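Here is what each chain is made of, one letter per residue.
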Amino acid sequence: MIVLKRLADAKADGDRIWGVIRGSAVNQNGTSAGLTVPNGPAQERVIEKALAQAGVPPASVDYLEAHGAGSDLGDPIEVQAAAAVYGRGRDEERPLLIGSVKTNIGHLECAAGIASLIKTVLAMNEGRIPKQLHFHNPNPHLAWEDLPVRVTDEAVAWPPDGDRPPRAGVSSFGISGTNAHVVVEGNGGPDRASTLNGARMPAGPAVAVPMVLPEPGGWTPPAATDVAARETRLLPLSAKSPHALRELARQYLEWLGERGGEALAEAPEESGDGHSVLADMAWTAGVGRTHLARRAGLVFRDVASLRDELGALAERAVEDDWRRAAGPGTAPKVAFVFAGEESVRDGAGMDLYDREPVVRAVLDRCDAALMEERDGASLLDVMFGRADAHGTLRDPEWAQPAAYALGCALTALWASAGVRPGAVAGTGAGELAASWAAGVFSLDDGLRLAAARGAAVARPKQRMAAAVPADGAGGTQDDPLEDLEAAAEDMEFAPPSVAVVSQVTGRRMDGARAPDGAYWREQAGAHGDPDRTSAALADLGADLVVDIGTASSAGPTALPDWPNAEEGAEAPFAESVASAYEAGLPISFAGLFAGETRRRIALPGYPFQRRRHWIETSA
């Protein structure tokens, strides 16, 4: 089988391109002496037409994969027709090389032509033309010494010709009299090749992986030089059965050995041309493979850690298999639960800000928007504990917009990896981030609301004291949350697009109404109940919960275990995505490479678990 695709589309998609069909033509022999008697002039015309479409001179074609059926009459006619066209302007020192795959695998009848094409592109990529088997006595009906052709009776290197790519013609002639010919050209050179099982395979062109941002307009993507290289990678492996999954891990171990583990270990994460073999491996496995029911997400930092992960998977006993059997149509429903301002601490989100351009874009936008509100004071300076910060995260005026901004940035990061919630909930400013994830308001409006909420919460005692006379008699007390409701007056609110569990009621928010300023005023004085939230999410059909924290988020937790799951160290985002992948969530792996330049390389294929289905007869 081969797959045909427009060259421009294949390059844009980063496909591994085996060859380029420059020209093709089909014609008919017409009346002839018999079914097995070819028409030489018709064959010449079909070659000429293919060359004209290709726009290349005949002498620039190095090799002809002939129909070559072994006929005493047909073969001489075919060779003479090819020599008549491909011999034009050809240097005597550079004859047209000829071979036929039929001497290797026989005549495949209706599949003979495609076998010839496959052999030709394999030979191009290997840079070597295989030996024409069983060629001992040249056909006596041809004056070989007078023809500009030579049969490859020994394996030969593909003849080089400067910077020009290799070229070949491929012929296939049907018994009905139909003649087909294609002109094929190689794609790329040795720098575009990778190896698998000792064979040279094409690598895809380098493609820039775009960022997927959550809202249209108003974004300033970070420069590539501003973003640090990612330190962890995720290799997703999947199979139909646990046995096949373990065999796939063993194949990847062999692949590592073939590439030279020590050489890879000594290589920098990013080489001079922007490519890393291990990163390209993870990219290819993520975007270039179907993801099946049995899954393993292997997170690694270098060759040694990858080898350890693969070895552990390859040796895992079948009865100990803990990986979920996932598959199309069976993905669990996931809920996002957003932490509030009490979880914010110095340095929160800094590592993701440094390495993930989507997070950086969201936080930069929030920082710029809040600067306009606060006379140039930077939210990022406060979040990251910089020396010139205008406050600290102990101040609700900064902690609440920080919690909101981080929650939105993590939501955008998960969305770029293809994981979007079917339900959301949150406490404090976390419910604002949850509502933004549900499409209730824009990123900027939510930030203004979080800033107003923080300001209202920060000064209630001072405002109340100012309203009470010193003697304690008379006076009124102002509600410190009035400013919060007032801040919402000029904002646009929309009904939630996904289910939102309200901190006020502990139940699903009315999906037909948009929460207005009065709601957010009431919400600021409410207290969350994790158990109540868990029950509400269960009623909404959620299977898994992702805690959206303040610096990183843990992988999904099965709802019955949430919110009582043990708290641990925050996991790198790659580990969280690995857990989501193993849990059966559909992952868009391109999001793990946003802002990078990656290419597809040759990797181990699927380890089919072959079984014999044969009825044995007794003697």
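Rules and cut-offs
Residues numbered from 1 in each chain as written. Predicted model: local features only at pLDDT ≥ 70, side-chain atom pairs only at ≥ 80, totals over all residues. Heavy atoms only, no water. Helix = DSSP H or I, 4+ residues; strand = E, 2+ residues; numbered from the N terminus. Buried < 20%, exposed > 50% of the residue type's maximum accessible area, 1.4 Å probe, protein only. Contact = heavy atoms within 4.5 Å. Areas by Shrake-Rupley, 256 points an atom, 1.4 Å probe, with all protein chains shown as cover. Core = buried A, V, L, I, M, F, W, Y, C linked by side-chain atoms within 4.5 Å. Expected span 1.5 Å × (residues − 1). Axes fitted to C-alpha atoms, helices over the stretch in contact; angles between N-to-C directions. Parallel < 35°, antiparallel > 145°, perpendicular 65-115°, else oblique. Left-handed = near helix turned anticlockwise from the far one by under 90°. Salt bridge = Lys/Arg side-chain N within 4 Å of Asp/Glu carboxyl O. Patch = residues over 30% accessible without salt bridge, like charges linked within 9 Å, V, L, I, M, F, W, Y side chains within 5 Å. Lys, Arg positive; Asp, Glu negative; His and termini not counted. Charge placed at Lys NZ, Arg CZ, Asp CG, Glu CD. Pairing = 2+ DSSP bridges. Phe/Tyr/Trp six-rings, centres within 6.5 Å; stacked < 30°, edge-to-face > 60°. Lys NZ or Arg CZ within 6 Å of the ring centre and 35° of its normal. Nonpolar A, V, L, I, M, F, W, Y, C, P; charged D, E, K, R; others polar.

## Considerations on the overall build of the protein
At step 1: A tally of regular secondary structure across the protein gives 20 helices and 19 strands.
At step 2: Split into buried and exposed, the 619 residues of the protein put 48% on the buried side.
At step 3: Pairs at least 24 residues apart make up 76% of the contacts formed inside the protein by residues separated by at least 6 positions.
At step 4: Carbon and sulfur atoms make up 51% of the accessible area of the protein, which totals about 29,300 Å².

## Some details on the nonpolar core
At step 1: Phe 336, Leu 363, Met 383, Tyr 404 and Trp 414 are the most contacted members of the largest nonpolar core, which has 83 residues in total.
At step 2: The greatest single-element share of this core, amounting to 12 residues, is contributed by helix α13 (residues 396-416).
At step 3: The contacts of Met 383, once residues within four sequence positions are left out, are Arg 345, Asp 346, Gly 347, Ala 348, Leu 363, Leu 393, Ala 402 and Leu 406.
At step 4: Of all hydrophobic cores here, the second largest spans 27 residues; its members include Leu 237, Leu 256, Leu 278 and Leu 603.

## So, helix α3 (residues 74-86)
At step 1: Here α3 spans 18 Å end to end across 13 residues, near enough to the 18 Å set by a 1.5 Å rise per residue.
At step 2: Most of α3 sits inside the fold, with 10 of its 13 residues counted as buried.
At step 3: Along α3, the positions that sit buried rather than exposed are Gly 74, Pro 76, Ile 77, Glu 78, Val 79, Ala 81, Ala 82, Ala 83, Val 85 and Tyr 86.
At step 4: Buried residues along α3 sit against α2 (40-54), β2 (63-65), β3 (96-99), β5 (149-151), β7 (167-173) and β8 (178-185).

## Looking at the packing of α2 against α3
At step 1: At a minimum axis separation of 9 Å, α2 and α3 run at an interaxial angle of 40°. With respect to their mutual orientation, α2 and α3 come out oblique. Here the hand of the crossing between α2 and α3 comes out right-handed. Residues Gly 40, Gln 43, Glu 44, Ile 47, Glu 48 and Leu 51 of α2 form the contact with α3, whose participating residues are Ile 77, Glu 78, Ala 81, Ala 82, Ala 84, Val 85 and Tyr 86.

## Concerning the pattern of salt bridges
At step 1: Within the structure shown, the criterion is met by 25 salt bridges.
At step 2: Measuring nitrogen to oxygen at the nearest pair gives 2.7 Å for the salt bridge that ties Lys 5 to Asp 13.
At step 3: The shortest N-O distance in the salt bridge between Glu 247 and Arg 250 comes to 3.2 Å. Highlighted residues: Glu 247 and Arg 250, both in helix α6 (residues 242-259), separated by three residues, approximately one helical turn.
At step 4: Connected through shared salt-bridge partners, Arg 230, Arg 233, Asp 280, Glu 356, Glu 596, Arg 598 and Arg 599 make up one network.

## What about a negative patch on the surface?
At step 1: On the surface, Asp 302, Asp 308, Glu 309 and Glu 575 cluster together into a patch of negative charge.
At step 2: Here Asp 302 is to be found in the loop between β13 (294-300) and α9 (303-315).

## A short note on the sheet that holds β5
At step 1: Strands sit in the order β1-β8-β7-β2-β3-β5 across an open sheet of six strands; the sheet is mixed. The open sheet has two free edges, formed respectively by β1 (20-28) and β5, since each of these has just one partner strand. When strand polarity is set aside, the average angle formed by the axes of neighbouring strands in this sheet is 20°.
At step 2: Strand direction decides the pairing type here: β3 and β5, joined by three bridges, are parallel. Looking at β5, one finds that Leu 96 is bridged to Val 149.
At step 3: Where α3 meets the sheet, it contacts β2, β3, β5, β7 and β8, and its direction lies at approximately 145° from that of β7.
At step 4: Along the sheet, helix α5 (residues 112-126) makes contact with β1, β2, β3, β7 and β8, crossing β7 at roughly 165°.

## As for unusual backbone geometry
At step 1: Look at His 134: it is not a glycine, yet its phi comes out positive at around 60°.
At step 2: By secondary structure assignment, the location of His 134 is in the loop between β4 (128-129) and β5.
At step 3: By relative accessible area, which is 64% here, His 134 ends up exposed.

## Some words on the sheet that holds strand β15 (residues 423-426)
At step 1: An order of β16-β15-β14-β17-β18 is seen for the five strands of this open sheet, with the pairing classed as mixed. A single partner strand is all that each edge strand has here, and the edge strands are β16 (499-501) and β18 (557-558).
At step 2: Across two bridges, strand β17 (residues 544-548) lies against β18 in antiparallel orientation. Bridge assignment links Val 545 to a residue of β18, and that residue is Thr 557.
At step 3: Against the sheet, helix α19 (residues 530-539) makes contact with β14 (334-338), β15, β16 and β17, and its axis sits at roughly 160° relative to β16, the strand it touches most.

## Quick notes on the packing of aromatic side chains
At step 1: Within the structure shown, the criterion is met by 12 aromatic pairs.
At step 2: Taking NZ or CZ as reference, Arg 374 lies 4.6 Å from the ring centre of Trp 398, over its face.

## Concerning a nonpolar patch on the surface
At step 1: A cluster of nonpolar side chains, namely Ile 2, Leu 4, Ile 21 and Ile 114, defines an oily patch on the protein surface of about 340 Å² accessible area.
At step 2: Here Ile 114 is to be found in helix α5.

## Looking at the packing of α6 against helix α8 (residues 277-287)
The geometry of a pair of packed helices is captured by two quantities: the angle between their axes and the separation between those axes.
At step 1: Look at α6 against α8: their axes get within 13 Å of each other, and the N-to-C directions meet at 150°. Comparing their axes, α8 and α6 come out roughly antiparallel. Relative to α8, α6 is oriented so that their crossing is right-handed. Here Tyr 252, Trp 255, Leu 256 and Arg 259 of α6 come into contact with α8, specifically with Val 277, Leu 278, Met 281 and Ala 285.
At step 2: Class assignment for the residues of the contact of α6 with α8 results in seven nonpolar, no polar and one charged.

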